[in-house]
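# Tertiary structure, described
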Amino acid sequence: MPRSSRLLRTLLSASILAPLAVPAALADANIQQRGDAALDRIVVTAGPLGRRYVDEMIQPVSVLHGEELARRMAGSLGEMLDGMPGVTNADFGPGVGRPVIRGQQGSRVMVLDDGLPVADVSGEGVDHAVAIDARGASQIEIFRGPSTLMFGSGAAGGVVNVRSQRFLPTFADSPFLEMDASYSPNGNDRQLDLTGEYQLGNGFALRASGGIRRTNDFDINGFQEDDQTEGFEGRLQNSSIKTELASLTGISAGDWGFAALSASYWSTDYGIPEVFDPQRIRGDGSDDFERVTADYVRFDFRSELNNPLPGFSLARLAAAWTRYDQDESEFKFNRADGSFREEIVEATFENKEFEARADFLHEPVAGWEGVIGLQFTNRDFFADDPRGADRGFYVRPNQTRTFAGYVIEERRFGPAVIELGARVEHTRSESDPVIASRVPGVTLPDGSFLPQPEQIANRNTTAVSLSAATIIDIGPDYHLRFGLTRAERTPSPEQRYAFGRHSAAGTWEVGNPDLDTERYLNFEASIERHTGPLRFDLTAFYNRADNYIFLASEDDGTGNPVFVNDIGNREGEGAAAGCLPGDGGLCRLRNQLVFNQQEDAHFYGAELGGSWEVVEGDMPVTLHFTADYVRGALRDGGDLPRISPWRYGLGASTRLGDLSLRADYLRVNAQNRVAEAESETGGYDLVSFDASYVLPFEGLDASLYLKGRNLLDEAGRRHTSFFKDEAPIIGRAIYFGVRARFGGN
């Protein structure tokens, strides 16, 4: 099991109960509005120049806030954001929900926890969960497109900032408690989240939060695997989830600014869905299953200082240290007595990461105002097969240190605001030697043999990013935006150092230490209407990528991917030679062979989102609409894998007194533009329903809610998922819940 501090775990687990001793706070009044707040009243907090209204942001930003955030609350971050313009979900079963932005995912989409990166290993495996308390968010900000200027190489595809109430610099007038509890019969899904604040004195408060989730296996429509015609159906086998989290924060605030320290804990245990067939009814079923257990302990510091130095109006300081542990275990079925053999830990991951950044906002100089920033990251990553050093592993242990400096400036010229920015980032990457591995190497698609190197030389790279953008006022109702970004991205450790079996993902991945720096030239233009009954945001983009890195499968000659055994042998090769059908051990070709390949590519597309208030009055009616399209292809011909299909959707909402109703339809179209050895996916229709009722209790802010998801019980498969042929989306789900806020008057 993953390791963590017993003392801290006890402390943080107790913090789940701490809010019960206090009641509910008003959060930041500018941000915590209830109801359908106007777009220009929602404040974005992760922008380079501090808190800005959405319609002041030059880069395309979507914000989940208030009732819309509450409506979208789900078990994973990817599930919550799925369906927003340009954003989809790349799940690996319900336990993993990773956001995809404009066809980019993994280590190209950075997830921030209150402004600093989540220090997990979700970028090192498609089966790894994002270690974030998404249900504890007070606001989620999605930056679409390259965001490397502020956040670095990991933000080449976009950024998702999950903002909690921990570091809000304003306090409630009295102690508070907020609660959200829900239940769904599908999977017996039970979730509880608590948040509270208690002010100990003038200018100081304690904040605590906690959450828990328990599920069984989820229901689906039909068989689990795409080509399955017999065996068990109606349930997504090995899809149960168990998650716990807690945090405790102390914050001091005054006219000088604020400072806060926070400790947080998160743990999860989830299954990798697969057909479990111990009696071998199908002949190719599995008599074992994989589960992932992970946890982290994290300490955060945040501070803002007003007028810290002459010429500077604000200093923002942030730091975080995280220890993250993850085990991937196999459970085997014993046919003799019908029991499960004790778990076998096949892979273990450990990530220790420290990140610090300092932003200094300066006073206007010749009309220009902006931010000068410094950033440092130190990451120590370890991965191993605990059964022995000769067993092979997924990614060799490595250490990465990054230093970066950046400057972003803006100035108004009449109706236009011009923004210019630059960033220089230096990364040093070192890896441990690998001695006496039982994985000697792997055969490449051209028939040559690639030996596994014992030692890989250190890598030093410098990435430079530049941007120029403008936002132009077109009367009081419209904005035009244009942006040009030249961004560079350093290859991730997984892409450089992978060489072996990733058990839970079912892949055998080959990295390349000599990968070049990726380079992007991104242009986008948008028009936005932000006031009046009709509001919309329409964006078009083109992103030209040089040296783009992607996971490529090899065609076995029949249109299907090549599979290898646990040490990389193909059919008839090495330990897989002379095998008969049904043989186990190294005769099992159960790992899809994938290579980190690098070619020139481009992405282009468009995104539309908006609403139209067609009826005003006591029972208003608002129509909602969304659509997005992205095309990802190699510039020399061919398609990139796992690119989101185009989608469109319509919805309608109304309110009658304390009762709110909304229904939505989203069409996810077929994706037949596929890469080599990649299967196509069909289209499907998603229908959802939401209802909430504010309870008429004086002195208590409470509401009941009802959610319906996938009401047509579709068996759709997400093209963005590496796991799409093995697991469909979960079936029809109805959620019953209650939200309440006590105190905070």
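What you see is a predicted model, and the numbers here were worked out from it, not measured in a lab. (Residues numbered from 1 in each chain as written. Predicted model: local features only at pLDDT ≥ 70, side-chain atom pairs only at ≥ 80, totals over all residues. Heavy atoms only, no water.)

## Focus on the overall build of the chain
Defined as follows: By the criteria applied, helices consist of DSSP H or I runs no shorter than four residues and strands consist of E runs no shorter than two, each listed in order from the N terminus. Shrake-Rupley sampling with a 1.4 Å probe provides the accessible areas, and residues are treated as covered by the protein chains on show and by no other component.
Helix and strand counts for the chain stand at 5 helices and 39 strands. If you sum the accessible surface of the chain, you get close to 29200 Å²; carbon and sulfur atoms cover 57% of it.

## Digging into unusual backbone geometry
Even without being a glycine, N547 presents a positive backbone phi close to 60 degrees. Within the secondary structure, N547 sits in strand β31 (residues 534-553). The phi dihedral of N710 is positive, around 50 degrees, even though this residue is not glycine. Position of N710 among the secondary structure elements: in the loop between β38 (701-709) and β39 (733-743).

## Remarks on the pairing of β38
We apply this condition: Strands were regarded as paired on the criterion that DSSP finds at least two bridges between them.
As judged from the 6 bridges shared by strand β37 (residues 684-694) and β38, these two strands associate in the antiparallel manner. If you follow D690 over to β38, its bridge partner there is K707. Between the antiparallel neighbours β37 and β38 lie 6 residues, among them G699 with a positive phi of about 80 degrees. Sheet analysis places β38 next to β39, joined by 9 bridges and oriented antiparallel. Paired with A702 across the strands is A740, a residue of β39.

## Describing the confidence of the model for the chain
The condition that has to hold: Each residue carries a pLDDT value, the predictor's own confidence for that position, ranging from 0 to 100. Two residues form a contact once any of their heavy atoms are found within 4.5 Å.
In the predicted model, the chain carries a mean pLDDT of 87, and 89% of its residues have values of at least 70. In this model residues 2-40 is a low-confidence stretch, pLDDT under 50, and it forms 113 contacts with partners more than four residues away in sequence or in other chains.

## Quick notes on the state of the cysteines
Going by this rule: Criterion for a disulfide: a pair of cysteine sulfur atoms at a distance within 2.5 Å.
Evaluation of the coordinates by the stated rule reveals 1 disulfide. Through a disulfide, C579 is tied to C587; the S-S separation comes to 2.0 Å. Linking C579 and C587, the disulfide has an S-S dihedral of approximately -75 degrees and is accordingly described as left-handed.

## What to know about the pairing of strand β22 (residues 398-413)
Two elements, strand β21 (residues 368-384) and β22, share 13 bridges in a ladder whose sense is antiparallel. Within β22, the residue paired with V371 across the bridge is I408. With 16 bridges connecting them, β22 and strand β23 (residues 416-431) associate as antiparallel partners. Looking at the pairing, E410 lines up with E419 of β23. The hairpin formed by β22 and β23 contains 2 residues between the paired strands, and G414 there has a positive phi angle of roughly 60 degrees.

## Notes on the sheet that holds strand β6 (residues 109-113)
Spatially, 5 strands are ordered β3-β8-β9-β6-β7 in an open sheet, and the strand pairing comes out mixed. The open sheet has two edge strands with one neighbour each: β3 (61-65) and β7 (116-117). Bridge analysis of β3 against strand β8 (residues 139-144) gives 5 bridges, and the strand direction is antiparallel. The residue of β8 that forms the bridge with V63 is E141.

## So, the pattern of salt bridges
The criterion, for reference: By convention in these notes, a salt bridge is any Lys or Arg side-chain nitrogen within 4 Å of a carboxyl oxygen on Asp or Glu. Exposure is judged per residue with a 1.4 Å probe applied to protein chains only, and the accessible area is read against the type maximum: over 50% gives exposed, under 20% gives buried, and values in between give partly exposed.
What the rule picks out here adds up to 56 salt bridges. Measuring nitrogen to oxygen at the nearest pair gives 2.7 Å for the salt bridge that ties E607 to R102. With a gap of 505 residues between them, E607 in strand β33 (residues 591-615) and R102 in the loop between β5 (97-101) and β6 connect regions that are remote in the sequence. Residue E607 is classed as buried on the basis of its relative accessible area of 3%. Here R647 and D628 are joined by a salt bridge, their closest N and O atoms 2.4 Å apart. Taken together, the residues R647 in strand β35 (residues 647-656) and D628 in strand β34 (residues 621-634) connect sequence positions 19 residues apart. Taken individually, R647 and D628 each receive the classification buried, so the pair is uniform in this respect. A network of salt bridges, in which partner residues are shared, links E68, R71, R72, R662, D664, D690 and R709.

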